[in-house]
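Residues per chain are reported as follows:
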Amino acid sequence: MGSRMSKPVLYVFGLSVWAAAPQLAIVELGYAPDAIKQKVVNLAEGANFTPGFLKLNPNATLPTFTSVDGKNFTNTYDVIKYLAQHAPKKVAPGDKAFLDRIHEDSIDPNFIIFAVRNEEELKAASSGFPHTFLENRQSSLIKNSQTPEAAPFKAFYDAKIPVNGGLLDLFSGKASESDKKAFFELSAKHWENISNFIVNELPTVLPDSGFIGGEIPGEADFHLGAWLARVAHILGGKNAQGEYKVFEKETKVPVPTKVAAYFDAWVTRPSWQQVYAEGLH
Ligand SMILES: N[C@@H](CCC(=O)N[C@@H](CS)C(=O)NCC(=O)O)C(=O)O
Ligand SMILES: *[C@@H]1O[C@H](CO)[C@@H](O)[C@H](O)[C@H]1NC(C)=O
Ligand SMILES: *[C@@H]1O[C@H](CO)[C@@H](O)[C@H](O)[C@H]1NC(C)=O
Ligand SMILES: *[C@@H]1O[C@H](CO)[C@@H](O)[C@H](O)[C@H]1NC(C)=O
């Protein structure tokens, strides 16, 4: 019992972009397969909105990590930093400025699930996963907020319910024409920001071959690998070399050579094949 109780726990979900980053890290850093327990929090059902999970992470996000000494780590940067510092294998630390940049809202890889730029894209999203996802989140938020255990987290629910509800209205055909237009514009700008990051910024940080961390992936690479996997997935990319080509659906110019080489370098790693065994996400 003792040894099982004292294992660190990483909270994950199979479709989570940011939980995939420490999952890549765990393999690359040489942790034994059973050294860290992974517990699933079903984001698709809004399981992150229970008062029990909020106690662990007041922002209700993945990844979340609990170390053996009972500390909770509540964002990707801190989780990966901790894993790297306590790992059997040493890798290059990440540049904080670059890691802050990749986690900026302006290139949020989660928003592209919902980004719709016209009536056609809105229609497709309204009859698919984005709508179901928002519906499940909203009912989980409302249900959990009404429990006695939710009282300490009232501010969280009060802020989250109207924001998620507004997005749900949009995908339920209940938004005004002007709200729709504003959302289409925001979505177009978001995709432009993502394209510009790939085409103009990544070539300034990527090496000609290998990883930002050198011959093997380092901390920055765990974040960037997961980010690229999500963007490729949304554009229809598969878990295979050459699939960086899907970025061109958005960039409209050839994918920079360094980005192409970097994507393919990740695809050949056993860590990547393990984390994305069921496809990119
Ligand atoms: N800045 C946070 C972002 C984490 C994040 O957005 N995680 C997503 C999953 S990839 C999440 O848990 N979303 C749930 C929600 O926002 O309700 C980090 O780096 O950890
Ligand atoms: C860490 O999470 C546990 C729940 O597993 C919670 O009881 C504890 O208060 C959290 N610690 C901090 C410092 O938030
Ligand atoms: C929650 O998110 C906010 C905004 O990103 C951040 O400032 C805060 O530190 C986060 N709290 C935790 C516990 O991670
Ligand atoms: C696009 O990027 C700019 C510059 O970082 C930022 O000010 C803007 O809010 C971003 N727009 C969206 C929709 O993400």
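Within each chain, residues carry numbers counting from 1 in the order of the written sequence. In the order they appear in the text, chains get letters beginning with A and ligands get numbers beginning with 1. Totals for whole chains, interfaces and linings use every residue, but because this is a predicted model, local features are given only for residues with pLDDT of at least 70 and side-chain atom pairs only at 80 or more, for both listing and counting. Computation of side-chain values: all heavy atoms of the structure, hydrogens and water removed.

This brings us to the packing of aromatic side chains. Any two of the Phe, Tyr and Trp rings considered here, Trp counted by its six-membered ring, make a pair once their centres fall within 6.5 Å; the pair's planes then place it as stacked at under 30 degrees, edge-to-face at over 60, or tilted in between. Enumeration over the complete set of coordinates arrives at 20 aromatic pairs. Judged by centre distance (5.9 Å) and plane angle (65°), the ring pair of Tyr11 and Phe53 falls under edge-to-face. With Tyr11 in strand 1 (residues 9-12) and Phe53 in helix 3 (residues 51-56), this pair connects stretches of sequence that are 42 residues apart. Whether a residue is buried, partly exposed or exposed follows from its accessible area with a 1.4 Å probe, protein chains only, as a fraction of its type maximum: under 20%, in between, or over 50%, in that order. Taking the relative accessible area as the measure of exposure, Phe53 reaches 6% and is therefore buried. Among the aromatic residues, ring-to-ring pairing joins Phe211, Tyr244, Phe247, Tyr262, Phe263, Trp266, Trp272 and Tyr276 into one connected group. Charge-over-ring placement is defined geometrically: NZ (Lys) or CZ (Arg) within 6 Å of the ring centre, and within 35 degrees of the ring normal. Across from the ring centre of Phe133, 5.4 Å away, lies the NZ or CZ of Arg137, which sits over that ring. Every helix listed is a DSSP run of H or I at least four residues long, and every strand listed is a run of E at least two residues long, numbered separately from the N terminus.

We now examine the site of ligand 1. Only a single heavy atom is needed: when it lies within 4 Å of a molecule or strand, its residue is near that molecule or strand. Around ligand 1, 16 residues are found, and the nearest of them are Ser16, Thr61, Leu62, Thr76 and Arg137. In this structure, an oxygen atom belonging to ligand 1 sits 2.8 Å away from a side-chain N or O atom of Thr76. Whenever two N or O atoms come within 3.5 Å, that pair is a polar contact, provided that in protein one can donate a hydrogen and the other can accept it, and provided that, for residues adjacent in sequence, both atoms are side-chain atoms. One of the side-chain N or O atoms of His103 is found 3.4 Å from an oxygen atom in ligand 1. As defined here, a cavity is a set of points on a 1 Å grid over the protein atoms alone where a 1.4 Å probe fits but cannot get out. A pocket is an open set with protein on both sides within 12 Å along at least five of seven lines, and residues line them when an atom is within 4 Å of a point. Put plainly, a molecule is in a cavity or pocket when over half of its atoms are within 2 Å of the grid points there. For ligand 1, the cavity whose grid points lie within 2 Å of the majority of its atoms is the largest pocket. When residues are grouped by polarity, Ala, Val, Leu, Ile, Met, Phe, Trp, Tyr, Cys and Pro land in nonpolar, Asp, Glu, Lys and Arg in charged, and all others, Gly among them, in polar. Split into classes, the residues belonging to the shell around ligand 1 amount to 7 nonpolar, 7 polar and 2 charged.

To continue, consider the nonpolar core. In plain words, nonpolar cores are sets of buried Ala, Val, Leu, Ile, Met, Phe, Trp, Tyr and Cys residues tied together by side-chain atoms within 4.5 Å. Within the largest apolar cluster, 84 residues are counted, with the highest numbers of intra-cluster contacts made by Leu224, Trp227 and Phe247. Ranked by residues supplied to this core, first place goes to helix 10 (residues 219-234) with 9 residues. Leu54, Ala150, Phe153 and Phe156 belong to the second-largest nonpolar core, a separate cluster that totals 8 residues.

Looking now at the site of ligand 4. Every residue close to ligand 4 is listed here: Ser106, Leu186, Lys189, His190 and Asn193. Ser106 places a main-chain nitrogen or oxygen 3.4 Å from an oxygen atom of ligand 4. Per-residue accessibility takes into account occlusion by the displayed protein chains alone, with areas from the Shrake-Rupley method and a 1.4 Å probe. Protein chains bury 52% of the 360 Å² of accessible surface belonging to ligand 4 in isolation. Residue composition of the shell around ligand 4, grouped by class: 1 nonpolar, 3 polar and 1 charged.

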